[in-house]
Amino acid sequence: MFLKSLTLKGFKSFADRTHMVFDPGLTVVVGPNGSGKSNVSDAILWVLGEQSAKMLRGQAMEDVVFSGSSARKPVGVAEVTLVLDNADHTLPVDFAEVGITRRMYRSGESEYLINGAPARLMDIQDILHDSGLGKDTHSIISQGKLDSILSSRPEERRALIEEAAGISKHRRRKERSQRKLADMDKNLVRARDVARELNRQLRPLERQVDRAKRYNELDSRLSELTCQLAVDDVRRLQQQWGELQGRSNEAAAAIELAQFRVDEKTRELEKLQSMLEQKGLFVG
Ligand code: ATP
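The structure presented is a predicted model; accordingly, all values stated were derived computationally and were not measured.

Peer 1: I'd love a proper account of the overall build of the chain, names of residues and values included.
Peer 2: Along its length, the chain carries 5 helices and 6 strands. Along the chain, helices (α) and strands (β) appear in the sequence β-β-α-β-β-β-β-α-α-α-α when read from the amino end. Relative to the globule expectation of 19 Å for 284 residues, the C-alpha radius of gyration of the chain, 53 Å, shows a markedly less compact shape. Along the three orthogonal principal directions, the C-alpha set of the chain runs to about 175 × 50 × 40 Å. Considering the chain as a whole, with its 284 residues, one finds that 25% of them fall into the buried category. A sequence separation of at least 24 residues applies to 53% of the contacts in the chain between residues at least 6 apart. Of the roughly 20600 Å² that the chain leaves accessible, carbon and sulfur atoms contribute 56%. Between the centroid of the 45 positive side chains of the chain and the centroid of its 42 negative side chains there is a distance of 6 Å.

As structure tokens, this is what we get:
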């Protein structure tokens, strides 16, 4: 793995797009004082995720955006792309080349891209984890830092050695895991509280469920009995109807017979009347 190219646009003194290609081996950037040599290493630090403006020799993060010169107006966005050769797959991704881009607008918004796809800083840190490259891995020693390293106390130097040996990476992982564990503990306590509360609410609910079940049983028994009663009523009414029908038929037959007799008697009466009339005995 090696640094293949660096592209700067709107970053510090690099207002125009500047593309630098680095061959494997040693590359030295030479130039007069104030020509922007340190801005190149600042760009590398920045694209790898540096969050401190001081480490980039500025007051605020916006200081990385080209602020204008006598010949040029300021720009609104700074962008740096660093391309790493990954043919040996040192970085844990399938690409043979990994391009990391950081973009920052003067408004403060910023974004990261990995091979052109939006990414989070954490994704970039994860990719670089075991490569020895990163903002804190001392693969970049900024201006003035070398002296502070050489003159530091043994304990302070220990931090540098640990960083270079990759120990601090594991310490960071451990801290991250511990934070996650602490969060998990909090969630667990909360989950237990919720479970206790639910258990408390469960008892009256169980009683309600029992009551609802009993109600359903009784309700279906009631429907069954109502149905049986209705069937009984229908049967009884059918029987009464049959009896009444019989009595009605008998009464109709009796009426018919009586009518027949009345008619017979009427005819006999008419016959007697006409006989009496003929004999002049009947006075109407
Ligand atoms: P030295 O050799 O003295 O350390 P250098 O070559 O490393 O210098 P840098 O410190 O990288 O130079 O560059 C400083 C230059 O960058 C200054 O001219 C400064 O005006 C310019 N510069 C820094 N930030 C910005 C910015 N945001 N906009 C425009 N120019 C900037």
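Peer 1: Go over the nonpolar core, please, and point to the residues and values.
Peer 2: Among the nonpolar cores identified, the biggest contains 38 residues, and Leu-6, Trp-46 and Leu-48 are the most heavily contacted of them. Going through the elements one at a time, strand S1 (2-9), helix H1 (37-47), strand S3 (77-85), strand S4 (97-105), strand S5 (110-114) and helix H2 (121-128) are the ones with two or more residues in this core. When residues of this core are assigned to their parent elements, the largest contribution, 6 residues, is made by H1.

Peer 1: Kindly report on the pattern of salt bridges, identifying the contributing residues and their values.
Peer 2: Scanning the entire structure with this criterion turns up 16 salt bridges. For the salt bridge of Glu-111 with Arg-103, the shortest nitrogen-to-oxygen distance reads 2.6 Å. Salt bridges sharing partners connect three or more residues here, namely Lys-4, Asp-85 and Glu-97.

Peer 1: Report on unusual backbone geometry, specifying residues and quantitative values.
Peer 2: The phi dihedral of Lys-12 is positive, around 45 degrees, even though this residue is not glycine. Residue Lys-12 is classed as buried on the basis of its relative accessible area, which comes to 14%. The backbone of Asn-115 shows a phi angle near 50 degrees, a positive value even though the residue is not glycine. By the element assignment, Asn-115 lies in the loop between S5 and strand S6 (117-119). Here Asn-115 falls in the partly exposed class, since its relative accessible area comes to 35%.

Peer 1: Report on helix H5 (residues 167-278), specifying residues and quantitative values.
Peer 2: Owing to its 3.6 residues per turn, the α-helix brings residues three or four apart onto one side. Between its first and last C-alpha, H5 extends 156 Å over 112 residues, near the 166 Å set by a 1.5 Å rise per residue. Along its length, H5 shows its largest kink, about 30 degrees, at Leu-202, and proline Pro-204 lies within four residues downstream of that point. Where H5 terminates, the next one or two residues include Gly-280, which has phi positive at roughly 65 degrees.

Peer 1: Would you mind going over the sheet that holds S6 in detail, with residue names and values included?
Peer 2: Through backbone hydrogen bonds, the strands of a sheet pair up, either in parallel or in antiparallel fashion. What the 6 strands build is an open sheet, ordered S2-S1-S3-S4-S5-S6; its pairing is antiparallel. One side of each edge strand has no neighbouring strand; the edge strands of this open sheet are strand S2 (18-21) and S6. Across the sheet, the mean angle separating the axes of adjacent strands is 20 degrees when strand polarity is ignored. Bridge count between S5 and S6: 3 bridges; the pairing is antiparallel. Bridge pairing links Ile-114 to Ala-117 in S6. Together, S1, S2, S3, S4 and S5 form the strand contacts of H1, whose direction differs from that of S3 by roughly 80 degrees. Along the sheet, H2 contacts S3, S4, S5 and S6; its crossing angle with S5, the most-contacted strand, is approximately 40 degrees.

Peer 1: Help me get a handle on the side chain of Lys-12, residues and values and all.
Peer 2: Along the chain, Lys-12 falls in the loop between S1 and S2. Looking at Lys-12, its side chain comes within polar contact range of the side chain of Asp-42, at 2.8 Å. Lys-12 has contacts with Asn-39, Asp-42, Leu-56, Arg-57, Asp-63, Val-64, Val-65 and Phe-66, leaving out every residue within four places of it along the chain.

Rules and cut-offs
- Each chain carries its own residue numbering, running from 1 in the direction its sequence is written.
- Side-chain atom pairs in this predicted model are given and counted only at pLDDT of 80 or more, local residue features only at pLDDT of at least 70, and totals for whole chains, interfaces and linings cover all residues.
- Calculated side-chain values reflect all of the structure's heavy atoms, with hydrogen atoms and water omitted.
- Numbering of helices and strands runs from the N terminus; a helix is a DSSP stretch of H or I covering at least four residues, while a strand is a stretch of E covering at least two.
- We compute the radius of gyration from the C-alpha atoms alone; for a globule the expected value is 2.2 Å times N to the 0.38, where N is the number of residues.
- The classification of residues rests on relative accessible area computed with a 1.4 Å probe and restricted to protein chains. Under 20% of the type maximum is buried, over 50% is exposed, and intermediate values are partly exposed.
- Residue contacts follow a heavy-atom distance rule, with two residues in contact if any of their heavy atoms lie within 4.5 Å.
- Accessible surface is estimated by sampling points in the Shrake-Rupley manner with a 1.4 Å probe; for residues, cover comes only from the protein chains shown.
- Residues scored as positive are Lys and Arg, those scored as negative are Asp and Glu, and His as well as the terminal groups of each chain are ignored.
- Where a charge lies is defined by one atom per residue type: Lys uses NZ, Arg uses CZ, Asp uses CG and Glu uses CD.
- Take the buried Ala, Val, Leu, Ile, Met, Phe, Trp, Tyr and Cys residues and link them wherever side-chain atoms come within 4.5 Å; each set so joined is a nonpolar core.
- Take a side-chain nitrogen of Lys or Arg and a carboxyl oxygen of Asp or Glu: if they are within 4 Å of each other, that pair is a salt bridge.
- Take the number of residues in a helix, subtract one, and multiply by 1.5 Å to get its expected span.
- The angle separating two fitted axes, one through the seven residues that finish at a residue and one through the seven that start at it, defines the bend at that residue.
- Pairing between two strands is assigned when DSSP locates at least 2 bridges connecting them.
- Simply put, an axis is a line fit to the C-alpha atoms, just over the touching stretch for a helix, and the angle between two N-to-C directions goes from 0 to 180 degrees.
- Within 3.5 Å is the distance limit for a polar contact, defined as a pair of N or O atoms, with the added protein rule that one can donate a hydrogen and the other accept it, and that residues adjacent in sequence qualify only through two side-chain atoms.

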